[in-house]
Number of protein chains: 2
Amino acid sequence: MALEIHGMAGHLIRRLNQISVSVFQDRLKAAGFDLTPVQYACLATLDQKPGIDQATLAGLIAYDRATIGTVLDKLDTKGLVTRKVSPRDRRAREMHLTENGRALYRTVTPLVQEIQTLMTGGLEPGERAEFLRLAAKLASTGNAFSRAPLAEPD
Amino acid sequence: MALEIHGMAGHLIRRLNQISVSVFQDRLKAAGFDLTPVQYACLATLDQKPGIDQATLAGLIAYDRATIGTVLDKLDTKGLVTRKVSPRDRRAREMHLTENGRALYRTVTPLVQEIQTLMTGGLEPGERAEFLRLAAKLASTGNAFSRAPLAEPD
DNA sequence: TCAAGTTAGTAAGCATGCTTATTATATTGC
DNA sequence: GCAATATAATAAGCATGCTTACTAACTTGA
């Protein structure tokens, strides 16, 4: 090992994330789409839980409220989501995908799924499953340490 | 699984990174230090490879050159590193830790090592070793996909 | 009922980490 | 020797993702 930090968990995890984001951007761009990982996460969640508000969305995908607010500004500007004041709670905005948003989500999902296998392509099938299991376990046990913990841990 | 994305490799990796950075910041702050993960990586590398230039440093820890430039501005301002024009190549800046930089690095390193085990504390010892092995393998095979690939893969 | 506390969303600020472009300097090939 | 190319560092721009602080609105309980 050339350097001490190369073996550290934090360094390895950072590099995996760096690679993951890079692959995501490249593949989507190559296919003609302009969508970031967090934007995709928002579309996917709104497709499966239409009508939720921003704080709920942030909790479901483990992002900070403020971050998700600016991401939704973007998706709103792109015409992919709608936000309207909730009749039950005038602080909250109920969100839905637009037709364009839903269409984009459906088109792009198979590509995103391909990307997941591509990203873990360096592992044998058995290793891949084990890596995902351990990563999920770690994310779950570490959830409480996160600044933006998952609201409904699996 | 509540949501599709919760099982995706990219999402899990992002959350691990989020947790990792959060733990790092919290523990160092609690101990009275103000140092980010990338800043620590720079200090560690300069301690082990004194005299290298910025591009070499960036390559060794797999960061973009421009990013590392601003990080070094910070460390310079904090009085932790020195940069002087190389006599052999006037484009390059040879870097060294200052006394303060070296002292901080030595003080903080045991804490950083504790953090690594804390971060992976949700796993059994055997699982932990396996996770690190798989993460290293993935980072290595995925290196070419990264925007800022490691210059000297292990 | 109404004060105290909580929650939704936004704003401003800051660091990370990438992009492209520019400047200065080295190197290479003819 | 010198033109073409490559490299080191910086700058400007942009998105992510956090922080704290604020306003508006809701909930709780004495």
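Data block above holds the structure.
Notes on the structure in this doc start here. (Residues numbered from 1 in each chain as written. Chains lettered and ligands numbered in written order. Predicted model: local features only at pLDDT ≥ 70, side-chain atom pairs only at ≥ 80, totals over all residues. Heavy atoms only, no water.)

### Comments concerning the overall build of chain A
When you go through chain A residue by residue, the secondary structure sums to six helices and two strands. Reading chain A from its N end, one meets helices and strands in the order α-α-α-α-β-β-α-α. Along the first, second and third principal axes, the C-alpha set of chain A runs to 60 × 35 × 25 Å. Across the 154 residues in chain A, those meeting the buried criterion constitute 49%. (Helix = DSSP H or I, 4+ residues; strand = E, 2+ residues; numbered from the N terminus. Buried < 20%, exposed > 50% of the residue type's maximum accessible area, 1.4 Å probe, protein only.)

### So, helix 2 (residues 37–48) of chain B
Residues and elements named next belong to chain B. Here helix 2 contains 12 residues, and its C-alpha end-to-end distance of 17 Å stays within 8% of the 16 Å for a straight helix at 1.5 Å per residue. Extensive coverage of helix 2 is indicated by the burial of nine of its 12 residues. V38, Q39, Y40, A41, C42, L43, A44, T45 and L46 are the residues of helix 2 that are buried. Along its buried surface, helix 2 packs onto helix 1 (9–30), helix 3 (54–61), helix 4 (65–77), strand 1 (81–85), strand 2 (93–97) and helix 5 (99–119). (Expected span 1.5 Å × (residues − 1). Contact = heavy atoms within 4.5 Å.)

### Considering the side chain of S86 of chain A
If you trace the backbone, S86 of chain A turns up in the loop between strand 1 (81–85) and strand 2 (93–97). Excluding residues that lie within four positions of it along the chain, S86 of chain A makes contacts with A92, R93 and E94 of chain A.

### Quick word on the interface of chain B and chain A
Between chain B and chain A, the contact holds 63 residues from the first and 63 residues from the second. When chain B packs against chain A, close to 5900 Å² is buried across both sides, 64% of that on carbon and sulfur atoms. At the junction of chain B and chain A, the tally comes to four salt bridges. Of the charged contacts in the structure, one is a salt bridge between K137 of chain A and E127 of chain B, with a shortest N-O distance of 2.8 Å. Our count for the chain B to chain A interface comes out at 22 residue pairs in polar contact (both at pLDDT 80 or more). (Buried area = accessible area lost by both parts, 1.4 Å probe. Salt bridge = Lys/Arg side-chain N within 4 Å of Asp/Glu carboxyl O. Polar contact = N/O pair within 3.5 Å; in protein donor to acceptor, adjacent residues only side chain to side chain.)

### Here we look at the nonpolar core
By size, the foremost hydrophobic cluster in this structure holds 94 residues, and its most contacted members are Y40, L43 and F131 of chain A together with Y40, L43 and F131 of chain B. Ignoring sequence-local partners within four residues, the contact set of F131 of chain A consists of L16 and L123 of chain A together with I13, F131, L134, A135 and L138 of chain B. (Core = buried A, V, L, I, M, F, W, Y, C linked by side-chain atoms within 4.5 Å.)

### Observations regarding the protein's contact with DNA strand C
Near DNA strand C, the surroundings consist of 24 residues, among which Q18, A55 and R91 of chain A together with Y63 and K74 of chain B are the closest. Looking at DNA strand C alone, sugar and phosphate atoms form 68% of those within 4 Å of the protein. Backbone polar atom of A55 of chain A to a phosphate oxygen of DNA strand C: 2.6 Å apart, as the coordinates give it. Listing elements by their share of the surface near DNA strand C, those giving two or more residues are helix 1 (9–30), helix 3 (54–61) and helix 4 (65–77) of chain A together with helix 2 and helix 4 of chain B. At three residues, the largest contribution of residues to the surface near DNA strand C is made by helix 4 of chain B. Looking at the surface near DNA strand C residue by residue, the class counts come to seven nonpolar, five polar and 12 charged. (Near = heavy atom within 4 Å. Nonpolar A, V, L, I, M, F, W, Y, C, P; charged D, E, K, R; others polar.)

### So, the side chain of Q39 of chain B
With respect to the secondary-structure elements, Q39 of chain B resides in helix 2. Beyond its immediate chain neighbours, meaning those up to four positions away, Q39 of chain B contacts D34, V71, K74, L75 and K78 of chain B.

### Describing the relation of the copies chain B and chain A
One chain copy maps onto the other through a rotation about an axis and a shift parallel to that axis. Note on the copies: chain B fits chain A at an RMSD of 0.1 Å, the axial shift is 0.0 Å, and the rotation between them is 180°. The relationship between the two copies is best expressed as a two-fold rotation axis. When the interface residues of chain B are mapped onto chain A, 100% of them again fall at the interface, so both copies present the same face. (Least-squares fit on C-alpha atoms with pLDDT ≥ 70 in both.)

### Some points on the environment of T70 of chain B
Residue and element names in this part refer to chain B. Tracing the backbone shows T70 in helix 4. For T70, a relative accessible area of 52% puts it in the exposed group. Along the sequence, T70 and T45 sit 25 residues apart, while their C-alpha atoms lie 16 Å from each other.

### Considering the pattern of salt bridges
All names here are of chain B. This model, assessed by the stated rule, comprises 19 salt bridges over all chains. Two residues, E99 and R102, come together in a salt bridge whose shortest N-O distance is 3.3 Å. You can see E99 and its partner R102 sitting in helix 5, three residues apart, about one turn around the helix. The exposure class assigned to E99 is exposed, which follows from its relative accessible area of 58%.

### Overview of the packing of aromatic side chains
Tallied over the full model, the rule gives five aromatic pairs over all chains. Pairing F131 of chain A with F131 of chain B gives two aromatic rings, centres 5.7 Å apart and planes at 5°, and the pair type is stacked. In this pair, F131 of chain A sits in helix 6 (residues 125–142) while F131 of chain B sits in helix 6 (residues 125–142), so the two residues belong to two different chains. Pair check on accessibility: F131 of chain A and F131 of chain B agree, each one buried. Counting every residue linked through ring pairs, the aromatic cluster contains F24, Y40 and Y105 of chain A. The ring of Y63 of chain B has R14 of chain A lying over it, and the distance from NZ or CZ to the ring centre is 3.6 Å. (Phe/Tyr/Trp six-rings, centres within 6.5 Å; stacked < 30°, edge-to-face > 60°. Lys NZ or Arg CZ within 6 Å of the ring centre and 35° of its normal.)

Purely spatial values, then, with no claim about function.
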